[in-house]
Amino acid sequence: MVGPAVMTVPLRSARLLLRAYDADDAAFVRDLYSREAVQRFLGDGTARTTTLEAAREKIAGWQAAWGADQVLGVWAVCEPDGSPLGTVLLKSIPDSGADTAHDVEVGWHLHPDAWGRGLATEAARTVLDHAFAAGLDRVVAVTHPDNTASQAVCRRLGMTHRGRTRAYYDTECELFELMAPDSFTASSRGAVRDDAVGGRAAGAAPRGDGES
Ligand SMILES: CC(C)(COP(=O)(O)OP(=O)(O)OC[C@H]1O[C@@H](n2cnc3c(N)ncnc32)[C@H](O)[C@@H]1OP(=O)(O)O)[C@@H](O)C(=O)NCCC(=O)NCCS
């Protein structure tokens, strides 16, 4: 365990366990984020996590930023036995040109060995259900304009394409959004929204390395 107690809630789907990363996942995180195929559309495409120390720092950074949040978080996407396959995140998205964040984004990074099985879409759908059950009204996703694989995930999730934007991360992205479905009525939502989500989403967001 790195840093303070991690509250990232474990989530399950038909084929996946989503759980908090911990320091024992450093070798996987290094493997995942050292790859050109994974990093090419993240941030400026040049970041590479090549050492175990850097991987541990990345995990500790996620935990410091999101580990105490009851709704938002960074999850290891895992086989049911806990073996990691990638990352799914639900977090505040930094506004361009300001140290603020008003929206919440969902994002996904899978190891290439796990591509082509619908697992990113399954993991993201699980996190979105969790978000809407907790009271979020709207979640966005942004992709590099050339990241057609990620745009396909957005479409599989039923997200609406809103075109190009420079609203986030000081860069041009394709913007997708999903509104809470009607089935998530106010009465069925969790009571944590005001404490855990509203305050976080409206505050400053760690900028990370443009990692959505
Ligand atoms: C973006 C990324 C997660 C997409 O992964 P993916 O495996 O293509 O996405 P999905 O999980 O939705 O899987 C869909 C694929 O699985 C196939 N599939 C197989 N079984 C499936 C099932 N049960 N359900 C759905 N799709 C299934 C689909 O046909 C599709 O394959 P296709 O693209 O050849 O048609 C992956 O390319 C990645 O991690 N890239 C690097 C990081 C990155 O760029 N992240 C996004 C930043 S914005």
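Bear in mind the structure is a predicted one, so any value in this text is a computation, not a measurement. (Residues numbered from 1 in each chain as written. Predicted model: local features only at pLDDT ≥ 70, side-chain atom pairs only at ≥ 80, totals over all residues. Heavy atoms only, no water.)

(A) A look at the side chain of His-111. Looking at the element boundaries, His-111 is found in the loop between strand 5 (103-110) and helix 4 (119-133). Those residues in contact with His-111 that sit more than four places away from it in its chain are Phe-28, Asp-31, Leu-32, Arg-35, Leu-85 and Gly-86. (Helix = DSSP H or I, 4+ residues; strand = E, 2+ residues; numbered from the N terminus. Contact = heavy atoms within 4.5 Å.)

(B) Main features of the site of the ligand. Near the ligand, the surroundings consist of 22 residues, among which Trp-108, Gly-116, Ala-120, Thr-121 and Arg-156 are the closest. The separation between an oxygen atom of the ligand and a polar side-chain atom of Trp-115 is 3.2 Å. Contact distances for the ligand include 2.7 Å between an oxygen atom and a backbone N or O atom of Gly-116. Taking 950 Å² as the accessible area of the ligand by itself, protein coverage stands at 69%. Secondary-structure elements contributing two or more residues to the shell around the ligand are helix 2 (36-39), strand 5, helix 4, strand 6 (138-143) and helix 5 (148-156). Here the element with the most residues in the shell around the ligand is helix 5; it accounts for four residues. (Near = heavy atom within 4 Å. Polar contact = N/O pair within 3.5 Å; in protein donor to acceptor, adjacent residues only side chain to side chain. Areas by Shrake-Rupley, 256 points an atom, 1.4 Å probe, with all protein chains shown as cover.)

(C) A look at the environment of Ala-27. With respect to the secondary-structure elements, Ala-27 resides in helix 1 (residues 26-33). Using a relative accessible area of 45% as the deciding quantity, one classes Ala-27 as partly exposed. Distance from Ala-27 to Arg-56, taken between C-alpha atoms, is 8.7 Å for residues 29 residues apart in sequence. (Buried < 20%, exposed > 50% of the residue type's maximum accessible area, 1.4 Å probe, protein only.)

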